[in-house]
Amino acid sequence: RAGGGMQVGLVDWAGGYLTGPRAAAATALGSSLGKEQTWELKVTGKQEEQTVVELVGPQGQSLWVDADGAVVCAQPTSGDRGQFLLGVHPSGAWTLQQVQSRKYLESDGEDVFCIRRGLTSYHMWMPQLAMHVYVVLFNPSLQLYARVDPELNRVWVDTPVPYLEECGFILRFRGGTYHLETFNHQFISRSEKLVQKPSAETAFHLTLEPGCLAFLTDREGQILYPHGSRGLLCLGDNPADNKEWFVIRRCPQWVNLRTRSKRYVTVVRDSDVYAGPKKVTPMSTFHFKVNPDSQTVQLKGINHRYLAQRICKSVVADGCCREPETCFHVLWHCGKIFLRAISGCYLGTLPMGLVVARAAHPGKSGRWRGRCCARSPRAGGFQWFCCGGV
């Protein structure tokens, strides 16, 4: 199981969000998922088979319980008072049992307290992922991502790298259930095929664990998981090898870089970098990582290696993320973007297409055009961004 921190909102039985004003009593009066309703779930350990977690609010203060059972958002005076045993129930709801007292976090529809050990519906909290709605679904058992097939109107779990627009999904949370919208604005349904509109047939319960590890079930308890050798995503009741589990990840920024002559930067022969093909391939796809502190970007290929400047000012795809040679400064000039290597030279191409960092000043050969290839413009993303060139 994946562990670690993730951000969630918690909805009580009455539909109110757990709200933690700074240095004040927690309530369930939040009507929507906002800053004060967003909690970071930190895994702090294990007790037998249960996960011990801490809920941290937006100001860095923890949710904790005092000796009288009152629940506040502040710095705990005792470590155990801010520790809870996380219970994940078949409905997808969570319970949070305070480690020290063994009493459950509950709500009366307004106030939040921790005074009873007997489990009731008032102790149930439905988690809502507090992340960008545009996501990809990674199956750790198969080591593959889900992909929409618009021709067959189905979803397959068959893609090693989610660089295609078809790998993006929009996660819609409505009335305690989730609807998965595809890049072309259809919805995964209880049938094997996609449908045009959200309804009870597209509503799924999300069983969520730390690390954004989750599986989806319908109203009858059937599980959504990949079937057969091709990985058709549909309902069933007998998943093998934990195939029902997916890691929900924010859709990565996969980009293509294109020259003025409409040729794509591509990795060939494992690490050589050329601007050659006029069509997008997996090897012309890069993960675009931005470091806002240093105003630099990194470009990681699907071989998990980074573009880096090497000797003779060549650019090759053999770098590691911590190497300074993999960081390129971004220069905006008259609406264009140019990439400058650590040597101070700008990226461009030689006549045969080899990508190098030789130019002392930005010029025509160093202008690129970029395309975000795993986002749909209609889903709130964008398709082309200006990385130089026309």
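To be clear, the structure that these remarks concern was listed above.
Report follows, based on the coordinates. Just so it is clear, the model here is predicted, and its values are computed rather than measured.

This part covers unusual backbone geometry. For H185, which is not a glycine, the phi torsion comes out positive at approximately 65°. Positioned with a positive phi, N242 is a non-glycine residue whose angle comes to about 60°.

Within the largest apolar cluster, 59 residues are counted, with the highest numbers of intra-cluster contacts made by L18, L129, F169, I188 and I248. In terms of residues, this core owes the most to one element, strand β14 (residues 134–139), which gives 5 residues. The residues contacting F169, other than those within four sequence positions of it, are V133, Y134, V135, L137, A146, V148, V155, L180, E181, T182 and I188. One finds V265, A275, F288 and L347 within the second-largest nonpolar core, a separate group that totals 21 residues.

Two elements, strand β33 (residues 346–349) and strand β34 (residues 355–359), share 4 bridges in a ladder whose sense is antiparallel. Within β34, the residue paired with L347 across the bridge is A357. What sits between the antiparallel neighbours β33 and β34 is a turn of 5 residues, in which G353 has the positive phi angle 100°.

There is a patch of like positive charges on the surface, built from K262, R263, K278 and R369. By the element assignment, K278 lies in the loop between β26 (272–275) and β27 (286–291).

Now for the side chain of Q98. You can see Q98 is positioned in strand β10 (residues 94–98). Using a relative accessible area of 2% as the deciding quantity, one classes Q98 as buried. Looking at Q98, its side chain comes within polar contact range of the main-chain nitrogen of Q100, at 3.4 Å. Dropping the residues within four chain positions of it, Q98 is found in contact with V65, D80, R81, Q83, F84, K103 and C114.

Okay, the pairing of strand β11 (residues 104–107) next. Side chains of β11 alternate between two faces, with Y104 and E106 and L105 and S107 buried alike. Sheet analysis places β11 next to strand β12 (residues 112–116), joined by 3 bridges and oriented antiparallel. From the neighbouring strand, E106 faces β12, where its bridge partner is F113. Taking the residues between adjacent antiparallel strands as the criterion, β11 and β12 are bridged by 4 residues, where G109 takes a positive phi near 100°.

Let's shift gears to the pattern of salt bridges. It is possible for side chains of opposite charge to pair when their charged atoms get near one another. Counted by the stated rule, this structure contains 11 salt bridges. Between R190 and E201 there is a salt bridge; the shortest N-O distance is 3.4 Å. Placement of R190 in the loop between β18 (177–182) and β19 (205–209) and of E201 in the loop between β18 and β19 is noted, with a sequence separation of 11 residues between them. E201 gets classed as partly exposed once you look at its relative accessible area, which sits at 32%. With its nearest N and O atoms 2.9 Å apart, the salt bridge here joins D218 to R190. Here D218 is found in the loop between β20 (213–217) and β21 (223–227), whereas its partner R190 is found in the loop between β18 and β19, with 28 residues between them in sequence. Here the residues in one salt-bridge network are R190, E201, D218, R219 and E220, joined through shared partners.

Another aspect to go through is the packing of aromatic side chains. Summed over the entire model, instances satisfying the criterion amount to 4 aromatic pairs. Taking 4.9 Å as the distance between ring centres and 90° as the angle between the ring planes, the aromatic pair formed by W13 and Y122 counts as edge-to-face. Placement of W13 in the loop between β1 (6–11) and β2 (17–19) and of Y122 in the loop between β12 and β13 (126–129) is noted, with a sequence separation of 109 residues between them. Judged by its relative accessible area of 36%, Y122 falls in the partly exposed class. Consider the rings of F138 and Y145, whose centres lie 4.9 Å apart with planes at 50°: the pair is tilted. Judged by relative accessible area, which is 9%, Y145 ranks as buried. Just above the ring of W156 sits the side chain of R230; from NZ or CZ to the centre is 3.9 Å. The ring of F138 carries R249 above its face, with NZ or CZ at 4.4 Å from the centroid.

Parameters at a glance
Residues numbered from 1 in each chain as written. Predicted model: local features only at pLDDT ≥ 70, side-chain atom pairs only at ≥ 80, totals over all residues. Heavy atoms only, no water. Core = buried A, V, L, I, M, F, W, Y, C linked by side-chain atoms within 4.5 Å. Buried < 20%, exposed > 50% of the residue type's maximum accessible area, 1.4 Å probe, protein only. Helix = DSSP H or I, 4+ residues; strand = E, 2+ residues; numbered from the N terminus. Contact = heavy atoms within 4.5 Å. Pairing = 2+ DSSP bridges. Patch = residues over 30% accessible without salt bridge, like charges linked within 9 Å, V, L, I, M, F, W, Y side chains within 5 Å. Areas by Shrake-Rupley, 256 points an atom, 1.4 Å probe, with all protein chains shown as cover. Salt bridge = Lys/Arg side-chain N within 4 Å of Asp/Glu carboxyl O. Lys, Arg positive; Asp, Glu negative; His and termini not counted. Charge placed at Lys NZ, Arg CZ, Asp CG, Glu CD. Polar contact = N/O pair within 3.5 Å; in protein donor to acceptor, adjacent residues only side chain to side chain. Phe/Tyr/Trp six-rings, centres within 6.5 Å; stacked < 30°, edge-to-face > 60°. Lys NZ or Arg CZ within 6 Å of the ring centre and 35° of its normal.

These values are about where atoms sit, not about what they do.
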